[in-house]
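Each chain, letter by letter, is given below.
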Amino acid sequence: MSTDMQRPRIGIIGAGAIGGFYGMILARAGYDVHFLFRSEYAAVAADGLLLQSESLGDYRLKPANAYHDAADMPPCDWLLVAAKTTSNAALAPAIIRAAAPGAKVMLFQNGLGVEEQMRALLPDSLHVLGGICFISVHREGPGVIKHHAYGSVSIGYHSGPAADEAGKRQILAQAQVMLGEAGVDASLVADLEQARWQKLVMNIPFNGVSVLLNSGTKALMLHPRTRALIRELMEEVIAGAAACGRSLGEHYINTAWAATDGKPDYTPSMLLDYTERRPLELDAIYAAPLAAAAAAGSPMKKVEMLYQSLCFLDERNRDDA
């Protein structure tokens, strides 16, 4: 294992808003962090990275260990993958090139089935973990990340060479300590799929409706019609999860509701992608849970209508680009 103060070396694959945020606070905590960029390499190589956080204060990482090609990265013990799921097939070779033997690959991504998708693309010698992030953050500009609130992560072990439950728990404990030293509230989950359904209760309504209506969360929660629609979509997702054997509990909708109701305005990531004419994460966030719920006998009809509308908008948006 690489050591810096006896700590593992960390690679960030997809150093946008989320990857940049967690990579920077890990670097601030003393970890040896290396960032792989697709489009901002030149700016970061020249000026480093800047984190502007309302709760953590500002932090500049200069110089930053920035790379445009994973082949140039040193072998990393942990790889935090924070790129959109639409890029997973293209990212797998970069992950393999940057991985130290037995590396742990943690997916900081949204949607259902993302671990299964990535597992099929990686060698069996690498561990795959899921990391479900609850954070409000966005790119302010090249190499500049604006953090508004939150930052907790739920972590679960998916698959890999850990031979038994004790081995899995040891790896999860390593992740928890690593993130905890950076100030992240990292909780461990025994059921990754359940945790992903919980996140979908928020992701499915707010991401899709924000794109459909070109609106941030505050306006959606203030208007009685859209407020009702958001809650109805949440109820459908909770019912779909229950049909798939993932009961979120009768009071979970109130927990999800309170996370946004009355809170400051927030622009969901899918609306940011749409505005910048990037492909929308429709497969992982909509198609996969829709298929799972339908197969379990609980079709999510309003979610299906939202998904169909988003497919139209996404295709037209990229054709226009």
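Within each chain, residues carry numbers counting from 1 in the order of the written sequence. Local features are withheld for residues below a pLDDT of 70 in this predicted model, meaning they are given only at 70 or higher, and side-chain atom pairs are given and counted only at 80 or more; totals for whole chains, interfaces and linings count all residues. Based on all heavy atoms of the structure, the side-chain values leave hydrogens and waters out of the count.

**Re the overall build of the protein chain**
Okay, so step 1: Each helix is a run of H or I in the DSSP string that is no shorter than four residues. Each strand is a run of E no shorter than two, and both are numbered from the N terminus. When helices and strands are counted, the protein chain shows twelve helices and ten strands.
Okay, so step 2: Its C-alpha radius of gyration of 19 Å places the protein chain within 12% of the 20 Å reference for a compact globule of 321 residues.
Okay, so step 3: Seen through its principal axes, the protein chain has C-alpha atoms that stretch 55 × 45 × 35 Å.
Okay, so step 4: Exposure is judged per residue with a 1.4 Å probe applied to protein chains only, and the accessible area is read against the type maximum: over 50% gives exposed, under 20% gives buried, and values in between give partly exposed. Residues counted as buried form 52% of the 321 residues belonging to the protein chain. As a reference, a globule follows 2.2 Å times the number of residues to the power 0.38, and the radius of gyration itself is taken over C-alpha atoms.

**Notes on the environment of A195**
Okay, so step 1: In this structure, A195 sits in helix α6 (residues 192–213).
Okay, so step 2: In this structure, the C-alpha to C-alpha distance between A195 and G131, residues 64 residues apart in sequence, is 9.4 Å.

**Description of the layout of surface pockets**
Where empty space is left becomes clear once a probe the size of a water molecule has been rolled over the atoms.
Okay, so step 1: Cavity means a closed set of points on a 1 Å grid over the protein atoms alone, one where a 1.4 Å probe fits but cannot get out, pocket means an open set with protein on both sides within 12 Å along at least 5 of 7 lines, and lining means a residue has an atom within 4 Å of a point. Grid points are joined across faces, edges and corners, and a volume is the space filled by probe spheres set on the points. In this structure, the second largest pocket occupies an estimated 180 Å³ of space.
Okay, so step 2: Around the second largest pocket, the lining comprises 13 residues; the ones closest to its centre are T85, T86, Q117, D283 and A284.
Okay, so step 3: Elements that contribute at least two residues to the lining of the second largest pocket include exactly α3 (88–98), α4 (114–119) and α11 (282–295).
Okay, so step 4: In this classification, the charged set is Asp, Glu, Lys and Arg, the nonpolar set is Ala, Val, Leu, Ile, Met, Phe, Trp, Tyr, Cys and Pro, and all remaining amino acids, among them Gly, are polar. When grouped by side-chain class, the residues that make up the lining of the second largest pocket number six nonpolar, five polar and two charged.

**Some points on the side chain of R196**
Okay, so step 1: For R196, the location among the structural elements is in helix α6.
Okay, so step 2: N or O atoms within 3.5 Å of each other form a polar contact, as long as, within protein, one can give a hydrogen and the other can take it, and as long as residues adjacent in sequence are counted only when both atoms are side-chain atoms. Within the structure, the side chain of R196 is placed 3.3 Å from the backbone oxygen of G111, a separation counted as a polar contact.
Okay, so step 3: Contact criterion: two residues are considered in contact whenever any of their non-hydrogen atoms come within 4.5 Å of each other. When sequence neighbours within four positions are dropped, the list of residues in contact with R196 reads L107, Q109, N110, G111, L112, V114, E115, G130, G131 and I132.

**What about the pairing of strand β9 (residues 144–159)?**
Okay, so step 1: Bridge count for strand β3 (residues 49–53) against β9 is four bridges, and the pairing is parallel. Among the inter-strand pairings, Q52 is bridged to a residue of β9, identified as K146.
Okay, so step 2: By this definition, two strands are paired if DSSP reports at least two bridges between them. Hairpin remark: strand β8 (residues 127–141) followed by β9, antiparallel, with two residues in the connecting loop; positive phi at G143, about 75 degrees.
Okay, so step 3: Examined bridge by bridge, β9 and strand β10 (residues 186–188) share three bridges and lie parallel to one another. The residue of β10 that forms the bridge with I155 is L188.

**Concerning the pattern of salt bridges**
Okay, so step 1: By convention in these notes, a salt bridge is any Lys or Arg side-chain nitrogen within 4 Å of a carboxyl oxygen on Asp or Glu. Enumeration according to the criterion identifies 15 salt bridges in this entry.
Okay, so step 2: Between R278 and D273 there is a salt bridge; the shortest N-O distance is 2.7 Å.
Okay, so step 3: The partly exposed category is assigned to R278, whose relative accessible area is 28%.
Okay, so step 4: Note on D273: relative accessible area 2%, which makes it buried.
Okay, so step 5: Within the structure, one salt-bridge network assembled from shared partners comprises E40, K84, R139, D273, E276, R278 and E281.

**What about the confidence of the model for the protein chain?**
Okay, so step 1: Of all residues in the protein chain, 98% have pLDDT values of 70 or greater, and the mean over the chain is 95.
Okay, so step 2: Confidence of the predictor at the level of single residues is captured by pLDDT, which takes values from 0 to 100. In this model residues 1–5 is a low-confidence stretch, pLDDT under 50, and it forms eleven contacts with partners more than four residues away in sequence or in other chains.

**Considering α3**
Okay, so step 1: Regarding α3, the residues found buried are N88, L91, A92, A94, I95 and A98.
Okay, so step 2: The secondary structure elements touched by the buried residues of α3 are β1 (9–13), β2 (32–36), β6 (76–81), β7 (99–107) and α4.

**Here's the deal with the pairing of β8**
Okay, so step 1: Taken across its 15 residues, β8 has eleven buried, putting it largely inside the fold.
Okay, so step 2: Two strands pair when backbone bridges link them, and β7 and β8 are joined in this way by four bridges, in the parallel orientation. Along β8, the bridge assignment pairs V105 with V128.
Okay, so step 3: Strand direction decides the pairing type here: β8 and β9, joined by 13 bridges, are antiparallel. Bridge pairing in β9 links L129 to Y157.

**Overview of unusual backbone geometry**
Okay, so step 1: Here the residue pair K62 and P63 is connected by a cis peptide bond, since its omega of 0 degrees sits within 30 degrees of zero.
Okay, so step 2: The topology assignment puts P63 in the loop between β4 (59–61) and β5 (66–67).
Okay, so step 3: Unlike most non-glycine residues, Y150 shows phi in positive territory, near 65 degrees.
Okay, so step 4: Tracing the backbone shows Y150 in strand β9.
Okay, so step 5: The residue N214 is not glycine, and still its phi comes out positive at about 50 degrees.
Okay, so step 6: Of note, N214 is situated in the loop between α6 and α7 (217–222).

**A closer look at the nonpolar core**
Okay, so step 1: Definition of nonpolar core: a set of buried residues of the types Ala, Val, Leu, Ile, Met, Phe, Trp, Tyr and Cys, connected through side-chain atoms within 4.5 Å. Counting 44 residues, the largest nonpolar core has I10, Y22, L26, F35, M106 and I155 as the members making the most contacts within it.
Okay, so step 2: In terms of residue count, the dominant contributor to this core is helix α1 (residues 17–28) (seven residues).
Okay, so step 3: Those residues in contact with L26 that lie beyond four places of it in its chain are I10, Y31, V33, L80, M178, L179 and A182.
Okay, so step 4: Core analysis: the second largest hydrophobic core is formed by 38 residues, I204, L248, Y252 and L271 among them.

**Topic: the packing of α6 against helix α8 (residues 224–243)**
Okay, so step 1: At a closest axis distance of 9 Å, the pairing of α6 and α8 adopts a crossing angle of 145 degrees. Of the two possible hands of crossing, α6 and α8 adopt the one that is right-handed. Contacts between α6 and α8 involve W197, L200, V201, M202, I204, P205, F206, V209 and L213 from the former and T226, L229, I230, L233, M234, V237, I238, G240 and A241 from the latter.
Okay, so step 2: Here the contact of α6 with α8 is built from residues that sort into 16 nonpolar, two polar and no charged. Only the contacting stretch of a helix is used when fitting its axis, a line to C-alpha atoms as for every element, and angles between N-to-C directions run 0 to 180 degrees. Here a crossing is taken to be left-handed if its near helix is turned anticlockwise relative to the far helix by less than a right angle, and right-handed if that turn runs clockwise.

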